[in-house]
Amino acid sequence: MIKKALFTTMLAFAMGSVGSLAFAEDVLISTHNTSMLLRANEGESLKIAYYGARIDRDEIAQVWQSGLAFNRAAYPSFNTNLLDEPALEVEHADGSISLDLAVVNVTRKTTDKGEEVRILSRDKVYPFEVVNCYRSYTNSDIIEMWSEISHKEKKGEVKLMQFASAYMPIHGDQVWVSHLHGCWANEANLFEEPLTAGMMVIKNRDGVRNGMSDIPEVMLSLDGRPAELSGRVIGAALCYSGNYKLRIDTDRDGKFLHHFIAGIDETASQYFLKAGETFVTPEVAFTYSTEGKSGVSRNFHRWARLDGKLHNGTAPRDVLLNSWEGVYFDVDTERITKLIDGAAELGGELFVMDDGWFASKKYRRLSDNAALGDWTVDREKLPDGLQPLIDHAKAKGLKFGIWIEPEMANWKSSELYDKHPDWILQYPGREPLLGRGGTQVVLDLSNPEVQDFVFSVVDNLMTEYPEIAYMKWDANASIINYGSPYLPKDRQSHIYIEYHKGLRNVVERIRAKYPNLVLQACASGGARAGYGTLPYFDEFWTSDDTDALQRIYMQWGMSMFYPAAAMASHVSTVPNHQTGRVVPLKFRFDVAMQGRLGIEMRPSDFTAEELAFAKQAVTDYKRLRTLIQQGDLYRLRSPYEGKGDVASLMYVSPDKQKAIFYGYKLKHFAGHTVPPFRMAGLDPDKNYRLHELNVNDEGMKSMEGTVISGHLLMSQGLKLILDKEYSSRVFELTAID
């Protein structure tokens, strides 16, 4: 039977057809380097047997014979084995909460990226169905998993109480988890710990910004303490913009089995499913690498850039100047014109006017406590409107961008609220709790009228000013008022979910009409870094904290899951506006050149020497941005390890012809010797010529133009001169014949 099922599966795959495989027993889903094995016996529960390094079809029987097969329910539901942590829990119309799902059929089809497998299971008693879906991306070694839940029960609705997207069992007695946690201005700090008996939960309940404290991704290192360049690692990323929960339930009964379950957080979100309606859970993307955490990162980065998980992922990102830390709310024609001139002199390509440009007849935007939602130009600040600024930027060779926050309003201090008080989320019968500035509220995106309004913020600006090239889309408030004037009383528990359905409707409309408009996801900094939003946004604002030292830690964390092309990183003034720290301009540029380079200050504050340095750095970045934004990342020396006194990383082109290396001194200790920096990802058989970038002193003249083999650079490394705090070195490596 196994051979017959495998033959049928192979035939369907080879023909690229969509066919019924009702009698298939083993379903193998593979990428270039990974495989997932499922057992789908008709009439039995769907089982997952294996996930890890790629196996061939003739090894399937060996997986079972080795005793290493998981043989676990692929989508565990609350039923007879009440000790298992469920991914799915429902209450039928008759009050029963039992489920007994059995496989009905398997269908699979080839796609331009890999293949898609759908396995239908039906309850043995109730007309209740689940389709477990799997989509592979061959070149990026990613397999996405999600579930589609529906029923045809005649007695009424089914209440979904838990409805996770996916489940993954993981063997091992020394499994460590790596995850990111932080807060405003201190995002994406890396935490790593061994999994021990009990349950670990990573969650977010902000309602709007699902990365506000924790990021919805993890890495699971299977060989003990995590390493960057070696070891078996599984990565998981939940592709959802709303509240989520990641659970890791560790069983220590001698099996050393860890149960990973990811999906929407069901808190205050019980979903009432009508007959004939299908509830589709968000995707969870899994990947596996034997090349450590950096190997998992490279898989996620390729998937983001090349497989549509980051909007316009392969397009070069412009060097921009943003007005926020230069003028804050003090926007006016003269100040903005000077900033545009400064951006052009630096060699920038895009100017972005941040908050403070809009108002209404009744309210002015002099701080964050008024006019939010009233998207008309403040004619007292900008008497001639936006067009002269757009024209001036164009004359200087720059594109023009603008800041918006379309999901929010100011309570009792915006004309939007005055006209539409029923458009905000609020507890019934209570005055709303207020966010940023003591006045900010969140609009009810479950309401189609509100969705139309949010779309119109972008659409009206683009209609009146079609040359706008970039919008910084901010979101500075949480859902702290749980009540929708639009949703019926018996659907209030759908608020969190319907909000993000509404947001997705809006951004899909925007992308359909304006596919080339660059959108940045900004949410009190990096709180919307995630693959629920990035298919519609070109980048995210990594943090409101622009301090270069702290950015090393935050960008290190973000790079675990997101490519450099997605991370906005800006050079700002000193003392830094968030920390007061003073670091050299070279250090600030070196750090910002790890991502999408930008400037967050007044260029007029540069000395003549600093201006010359900055112009050259911008020129070099534009020459090398394809390597940085599209290259393969290798994190080398972590700022979180050892004394935390150094950090290094590098980007390598896919053909290994070019690379760029960054080395940093974070803390200086008298008499402390910094060992050589070993590199990774190079071709050991190639020779590389070294050229130092962003030199503001004598540099390392003895190394300039030196040719060193990839073998030596990776096995022995470079001895760098880093003789003071906040010193840094950046080298461009070019392979030679």
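The rules behind these values
Residues numbered from 1 in each chain as written. Predicted model: local features only at pLDDT ≥ 70, side-chain atom pairs only at ≥ 80, totals over all residues. Heavy atoms only, no water. Helix = DSSP H or I, 4+ residues; strand = E, 2+ residues; numbered from the N terminus. Rg over C-alpha atoms; globule rule 2.2 N^0.38 Å. Contact = heavy atoms within 4.5 Å. Areas by Shrake-Rupley, 256 points an atom, 1.4 Å probe, with all protein chains shown as cover. Lys, Arg positive; Asp, Glu negative; His and termini not counted. Charge placed at Lys NZ, Arg CZ, Asp CG, Glu CD. Expected span 1.5 Å × (residues − 1). Buried < 20%, exposed > 50% of the residue type's maximum accessible area, 1.4 Å probe, protein only. Axes fitted to C-alpha atoms, helices over the stretch in contact; angles between N-to-C directions. Left-handed = near helix turned anticlockwise from the far one by under 90°. Nonpolar A, V, L, I, M, F, W, Y, C, P; charged D, E, K, R; others polar. Polar contact = N/O pair within 3.5 Å; in protein donor to acceptor, adjacent residues only side chain to side chain. Patch = residues over 30% accessible without salt bridge, like charges linked within 9 Å, V, L, I, M, F, W, Y side chains within 5 Å. Salt bridge = Lys/Arg side-chain N within 4 Å of Asp/Glu carboxyl O. Pairing = 2+ DSSP bridges.

Trainee: Is there a simple way to explain the overall build of the protein in this structure?
Mentor: Helix and strand counts for the protein come out as 13 helices and 39 strands. Since a compact globule built from 737 residues should have a radius of gyration of about 27 Å, the 27 Å found for the protein is in line with a globular shape. Principal-axis analysis of the C-alpha atoms places the extent of the protein at approximately 75 × 70 × 50 Å. A fraction of 69% describes how many contacts in the protein between residues 6 or more apart in sequence connect residues 24 or more apart. About 27400 Å² of surface is accessible on the protein, with carbon and sulfur atoms providing 51% of the total. Within the protein, the 98 negative side-chain charges are centred at a point lying 2 Å from the centre of the 82 positive side-chain charges.

Trainee: So what exactly am I meant to see when it comes to helix α9 (residues 495-513) here?
Mentor: In a regular helix each residue adds 1.5 Å, so 19 residues correspond to 27 Å; α9 covers 27 Å between its end C-alpha atoms and thus fits that length. Those residues of α9 that sit buried are Ile495, Tyr496, Ile497, Glu498, Tyr499, His500, Gly502, Leu503, Val506, Val507, Ile510 and Arg511.

Trainee: How do you make sense of the packing of helix α8 (residues 448-464) against α9 when you look at a structure like this?
Mentor: For any two helices packed against each other, one specifies the inter-axial angle together with the distance between the axes. Taken N-terminus to C-terminus, the directions of α8 and α9 make an angle of 30 degrees; their axes are 9 Å apart at the nearest point. With respect to the hand of their crossing, α8 and α9 are arranged in right-handed fashion. Each of Gln451, Asp452, Val454, Phe455, Val458 and Asp459 in α8 lies in contact with α9, whose residues at this interface are Gly502, Asn505, Val506, Arg509, Ile510 and Lys513. Taken together, the residues of the contact of α8 with α9 sort by class into 5 nonpolar, 3 polar and 4 charged.

Trainee: How should the side chain of serine 297 be read in this particular structure?
Mentor: Mapped onto the fold, serine 297 is located in helix α3 (residues 292-306). At 2.8 Å, the side chain of serine 297 and the side chain of arginine 635 are in polar contact. Beyond its immediate sequence surroundings of up to four residues, serine 297 is in contact with Met219, Ser559, Met560 and Arg635.

Trainee: Looking at this structure, I do not really get unusual backbone geometry. What am I missing?
Mentor: Apart from glycine, the bulk of residues carry a negative phi angle, and the bulk of peptide bonds sit in the trans form. A cis amide bond links valine 574 to the next residue, proline 575, at an omega of -10 degrees. Secondary-structure assignment places proline 575 in the loop between β32 (567-572) and α11 (585-592). Here asparagine 71, not a glycine, exhibits a phi torsion of approximately 55 degrees, which is positive. Looking at where asparagine 71 falls in the secondary structure, it is placed in the loop between α2 (60-65) and β5 (72-73). Classification of asparagine 71 by relative accessible area gives partly exposed; the value is 40%. The phi dihedral of serine 524 falls on the positive side, at around 50 degrees, and the residue is not glycine. Inspection of the secondary structure assignment puts serine 524 in the loop between β30 (518-521) and β31 (539-541). Exposure remark for serine 524: the relative accessible area of 9% places this residue in the buried category.

Trainee: Explain a nonpolar patch on the surface here, please?
Mentor: On the surface, Tyr427, Leu433 and Ile480 cluster together to form a nonpolar patch covering roughly 240 Å² of accessible area. By the secondary structure assignment, isoleucine 480 is in the loop between β29 (468-473) and α9. Residue isoleucine 480 is classed as partly exposed on the basis of its relative accessible area, which comes to 34%.

Trainee: What is the right way to look at the pairing of strand β11 (residues 158-171) in this model?
Mentor: Every other side chain in a regular strand lies on the same face of the sheet, so the side chains alternate between the two faces. Most of β11 sits inside the fold, with 13 of its 14 residues counted as buried. In this sheet, β11 lies alongside strand β6 (residues 88-91) in antiparallel orientation, the contact comprising 4 bridges. The residue bridging glutamate 91 from the neighbouring strand is lysine 159, located in β11. In this structure, β11 lies alongside strand β19 (residues 271-273), joined through 3 bridges in antiparallel fashion. Residue pairing for β19: lysine 159 is matched across the bridge by phenylalanine 272. Pairing geometry for β11 and strand β18 (residues 257-264), over 7 bridges, is antiparallel. Among the inter-strand pairings, proline 169 is bridged to a residue of β18, identified as histidine 259.

Trainee: I would appreciate a short explanation of the sheet that holds strand β39 (residues 728-736) in the present structure.
Mentor: Backbone hydrogen bonds hold the strands of a sheet together, and the pairing may be parallel or antiparallel. What the 6 strands build is an open sheet, ordered β34-β35-β36-β39-β37-β38; its pairing is antiparallel. Where the open sheet ends on each side, the last strands, each with one partner, are β34 (632-637) and β38 (707-709). Sheet twist, expressed as the mean angle between neighbouring strand axes with direction ignored, is 25 degrees.

Trainee: Would you mind going over α11 with me for this structure?
Mentor: Structurally, the α-helix is built with 3.6 residues per turn, so residues lying three or four positions apart point the same way. Taken across its 8 residues, α11 has 8 buried, putting it largely inside the fold. Within α11 the residues assigned to the buried category are Leu585, Lys586, Phe587, Arg588, Phe589, Asp590, Val591 and Ala592.

Trainee: Just checking my understanding: could you explain the sheet that holds strand β26 (residues 399-404) for this structure?
Mentor: Ordered by their spatial adjacency, 8 strands build a closed barrel running β22-β23-β26-β29-β30-β31-β32-β33, and the pairing between neighbours is parallel. When the angles between neighbouring strand axes are averaged without regard to direction, this sheet yields 30 degrees. As judged from the 2 bridges shared by β30 and β31, these two strands associate in the parallel manner. Residue pairing for β31: alanine 521 is matched across the bridge by phenylalanine 540. Along the sheet face, helix α6 (residues 387-395) touches β23 (350-353), β26 and β29 and points at about 140 degrees away from the line of β26. On the sheet, α9 packs against β29 and β30 and is oriented at approximately 170 degrees with respect to β29.

Trainee: Sorry, what's going on with the pattern of salt bridges here?
Mentor: Side-chain pairing between opposite charges can occur once the charged atoms of the two side chains come close. Considering all chains together, one arrives at 51 salt bridges under this definition. Aspartate 84 serves as the salt-bridge partner of arginine 72, at 3.4 Å between the closest nitrogen and oxygen. In this pair, arginine 72 sits in strand β5 while aspartate 84 sits in the loop between β5 and β6, placing the two residues 12 residues apart along the sequence. You can call arginine 72 buried: its relative accessible area is 19%. A salt bridge links arginine 623 to glutamate 732; the nearest nitrogen and oxygen atoms lie 2.9 Å apart. Of this pair, arginine 623 sits in helix α12 (residues 608-630) while glutamate 732 sits in strand β39, placing them 109 residues apart in sequence. Bridged by salt links that share partners, the residues Glu116, Arg135, Glu144, Glu283 and Lys309 form one connected network.

Trainee: Looking at this structure, how should I read the environment of isoleucine 215?
Mentor: One can find isoleucine 215 in the loop between β14 (198-204) and β15 (217-221). A residue is classified by how much of its surface remains accessible, and isoleucine 215, at 3% relative accessible area, is buried. Between the alpha carbons of isoleucine 215 and asparagine 189 there is a distance of 9.9 Å; along the sequence they are 26 residues apart. Discounting residues that sit within four places of it in the chain, isoleucine 215 has contacts with Leu180, Ile202, Tyr244, Ala529, Met558 and Tyr562.

From the geometry alone we can't say anything about function, so treat these as descriptive.
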